[in-house]
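# Results of the structural survey
Here are the chains, one letter per residue:
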Amino acid sequence: MKVLDYLKNNIVYLDGGMGTLLQKNGLGPGELPERWNLTHPEVVRDIHKAYFDAGSNIVCTNTFGANVFKFSEEELEQIISSAIANVREAAAQSTATGEKYVALDIGSLGKLLKPYGDLAFDEAVEIFSKTVKLGEKYGVDLIFIETMNDSYETKAALLAAKENTSLPVFVSNAYGEDKKLMTGADPRAMVAMLEGMGADAIGANCSLGPAQLKEVVDDYLKYASVPVLLKPNAGLPRSVNNETVYDVFPEEFSEVMREYVKRGIRLAGGCCGTTPEYIRELVEATKDLDPVPVTDKGLTLISSYTHAVEFGKEPVLIGERINPTGKKKFKEALRNNDIDYILGEGLKQQDKGAHVLDVNVGLPEIDEAAMIEKVCFELQAIIDLPLQIDTTNIAAMETALRHYNGKAMINSVNGKQEVMDAIFPLVKKYGGLVVCLTLDEEGIPESAEKRVEIAKRIIGTAEKYGISKKDLIFDTLTMTVSADSNAALATLGSLNTISRKLGCCTSLGVSNVSFGLPNREIITSTFFALALENGLSAAIMNPNSAEMMKVYYSFKALHGMDVNCMEYIEKIPGYAAAAPVSNAPAPAKGEADIKVEDELSKAIVKGLREKAAALTEKLLETEESLDIVNGQIIPALDIVGQGFEKKTLYLPQLMMSAEAAQCAFEKIKAKMENSPGESVSKGKCIVATVKGDIHDIGKNIVKLILENYGFSVIDLGRDVDPELIVSTAINEEAPVVGLSALMTTTVPAMEETIKLLKEKAPNIKTVVGGAVLTQEYADRIGADFYAKDAMATVRYALSVVEK
């Protein structure tokens, strides 16, 4: 029986931890666990067999870090083929009677993708593809992508699996204590993206114990329409008699997991610290339970890299200003490749309350495919709103969807068969909520009834492509009433029927209704109110329009969507005077708490790199370098840092602000080269990922932030020998050394490095961080400071140099 067939009617048991069991069997500090498939196959097989014997249905290969960053292609193939054979042999040797499946285990590449790191999305897809192809070649039953803490890397891995195999793909992400991924995505955002791309099961693993993942589980079960999986850690690691143990034992683990299975978890297992005993207890605790049926939640969702937007509950506002139609300045910005102007339009709309940004860059004289990819990429670097990809160019549509971080809106298809045949395959492959225009080969029908007939035809065609109507949103086309007095009635009538009777979401570009009339905002806003009353789900509109926003907040208050009218009370006074639209720069997210007055500080807070560089260059004509650094750059970084620590900003915003600050610093450094004796350096810091660990995401983040606070950072890279770290620290007279480790198997190498540092250079302070570390663990291995994030490292380094 194939794994998806078995999953339909059964609770599926996954395996548990691998790294800690290999350590108990002699895996040394810095040793790569994947190589044990070749050098110690009997140990690996015994662990796999123990999981099958305990009741696991799916056992993952020992290939979590198997990729071409770690191994040559020749060795990678040897490792993967042996790893799969080890699980197959373990399954054959096991006396358990349950169904047994082999999953190719795929973990993170350990690098941040652009724009926050240096790895291109397509390069990541290619690297994952090499591993995936070998998995299918040597006969796995499914692909298991796990412990992903970045939505964009998750998408790259899933896309690689979907493009290169026909196997089922399960995807699991690692959430922190704030219930978000490292780069900010919440569970609903991941559900939207992964379901849209066709993942067969989704869920969470690692990071926390089962009880601490309750809110994450709640969201998955609430929003997911595919089976949900869960593989928690055995709590948090701690040290007992110099041995790493975890604080949740098998009985407690299985009790919590039983409650989750009763509520709907369909695939259950464990991660770090769990053993075959945990799986045995889990199976025993849940053997009397019937699987909870998986139901289609029927939710219409899109997402950015941080959050999802749901249609059908409250009106969604789609900002229309990133569009050259009728906008001379915007056209010039496109021709001149003035990305900062375009980003400014996005920031202003975000500040005015838009939930989604429409992105249209179509001009005959530019390369639309290249421009739309660039604009979407840059917008997503500094703005966390979902985007609507608006183009009739199929090549431009595909490149934008491929590189979009999340689940986008797609504008658009219509009733023409050739258009549906071109767009629907893209929707099926990349996911998306597609805008459906109610027109066909004969044009735009005058009657509401004929527009509804086109909508029904589009629904039927989409279904043939495997696209549910929850991923369709219908635009019944706003026509100008100055040319046809019945135009609004046809639009509103078809809108009402599609919303109320067909049960689909709807969208309109509302401003067309008033074209050619004086005082356009009066009739446009009234039409907006009528459309909302007839079931409009989303409006493409100008959020800078006071009249439109007054209708929006009033409608919500009158329809019970605004508890105690608090939003109305807060927002309406700003629109009451119906002031003209302001072109002033919008405050960046996070400025609500701290006022930002200087233009350079604003640019850094918003992450506008080119603007930060240009402003710095201008300021250097009249101000001293240190005055700019201490008066504008560092205060801006503090604003963003405080937002990051308060969880009002997330890693992407922190990284982009740091890059903007770096652009400013480059201008300052260039001037200082001609000004001997002038320096902004606060001292030296050394950073390294420890021996055996190739994951350098955390290290690179710390490096960037430290540099922006004025430290000279010596980056030794990843997989670094303890002796090299110690000798460099001594030779460079660096007061602080930062060490990073992602995996439990590499923490011993971190401990060895700290021990050597204490012996050779006791005055040098060590700061440690990484997903597997806790304060207690850091204390046990002798670190001077445990940093839970990059800003904590900066604060500690500053305190050291100040002393």
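In case you missed it, the structure is sitting above this.
Report follows, based on the coordinates. (Residues numbered from 1 in each chain as written. Predicted model: local features only at pLDDT ≥ 70, side-chain atom pairs only at ≥ 80, totals over all residues. Heavy atoms only, no water.)

### Considering the state of the cysteines
Note the threshold: Cysteine sulfurs are considered disulfide-paired once they come within 2.5 Å of each other. Only protein chains enter the accessibility calculation, which uses a 1.4 Å probe. A residue is then buried if its area is under 20% of the maximum for its type, exposed if over 50%, and partly exposed in between.
Taken as a whole and assessed by the stated rule, the structure comprises zero disulfides. Counting only cysteine sulfurs, C272 is the nearest neighbor of C206, a cysteine outside any disulfide, at a range of 3.8 Å. Under the relative-accessibility criterion, C272 is labelled buried at 18%.

### A word on the layout of surface pockets
Heads up, the condition is: For each structure, a 1 Å grid was placed over the protein atoms alone; sets of points admitting a 1.4 Å probe that cannot get out are labelled cavities, open sets with protein on both sides within 12 Å along at least five of seven lines are labelled pockets, and lining residues have an atom within 4 Å of a point. Grid points are joined across faces, edges and corners, and a volume is the space filled by probe spheres set on the points. Note on conventions: DSSP H or I runs of at least 4 residues are helices, E runs of at least 2 residues are strands, and numbering of each starts at the N terminus. Under this grouping Gly is polar, as are all residues other than the nonpolar Ala, Val, Leu, Ile, Met, Phe, Trp, Tyr, Cys and Pro and the charged Asp, Glu, Lys and Arg.
Size it by volume and the second largest pocket reaches roughly 1,100 Å³. In terms of lining, the second largest pocket is formed by 32 residues, of which the most central are E320, N323, G509, S511 and N512. Taken together, the elements giving at least two residues each to the lining of the second largest pocket come down to β16 (409-414), α19 (520-533) and β20 (538-541). Among the elements that line the lining of the second largest pocket, the one with the most residues is α19, at three residues. Considering only residue class, the lining of the second largest pocket consists of seven nonpolar, 16 polar and nine charged.

### Points about the pairing of strand β5 (residues 169-173)
Look at any regular strand and the pattern is simple: side chains alternate between the two faces of the sheet. Stated precisely, the cut-off is as follows: Note on pairing: two strands pair once DSSP finds at least 2 bridges between them. Crossovers are marked right-handed if the path from the first strand over the helix to the second runs clockwise, as seen with the strands pointing away from the viewer.
Most of β5 sits inside the fold, with five of its five residues counted as buried. Judged from the four bridges that link them, strand β4 (residues 142-148) and β5 form a sheet pairing that is parallel. Bridge pairing in β5 places M148 opposite N173. Pairing of β5 with strand β6 (residues 201-205) involves four bridges; the strand directions are parallel. Looking across to β6, one finds that V171 is bridged to I202. In this fold, the crossover linking β5 to β6 by way of helix α8 (residues 187-197) has right-handed handedness.

### Some details on the sheet that holds strand β21 (residues 683-689)
Just so we agree on the cut-off: Any two residues whose heavy atoms approach within 4.5 Å at even a single point are treated as in contact. The axes are straight lines fitted to the C-alpha atoms, using for helices just the contacting stretch, and the angles between their N-to-C directions are given from 0 to 180°.
The sheet built from five strands is open, its strands ordered β22-β21-β23-β24-β25 with parallel pairing. In the strand order of this sheet, the two ends are held by β22 (711-715) and β25 (785-786), each with one partner. With five bridges connecting them, strand β23 (residues 736-740) and strand β24 (residues 765-769) associate as parallel partners. What sits directly across from L739, in β24, is V768. Packing of helix α30 (residues 790-802) onto the sheet brings it into contact with β21, β22, β23, β24 and β25, and relative to β24 it is tilted by some 175 degrees.

### Thoughts on the sheet that holds β5
As summarised here, the arrangement of the eight strands in space is β1-β10-β7-β6-β5-β4-β3-β2, forming an open sheet in which the pairing is parallel. If you trace the sheet from one side to the other, it starts and ends with β1 (12-13) and β2 (58-60), each paired once.

### Some words on the pairing of strand β15 (residues 387-390)
What you see with β15 is no split at all: L387 and I389 on one side and Q388 and D390 on the other are buried throughout. The sheet contact formed by strand β14 (residues 356-359) and β15 spans three bridges and is parallel. Paired with V359 across the bridge in β15 is I389. Crossover connection from β14 via helix α14 (residues 368-382) to parallel β15: handedness right-handed. Sheet analysis places β15 next to β16, joined by three bridges and oriented parallel. Bridge assignment links Q388 to a residue of β16, and that residue is M409.

Nothing here speaks to function; it is all geometry.
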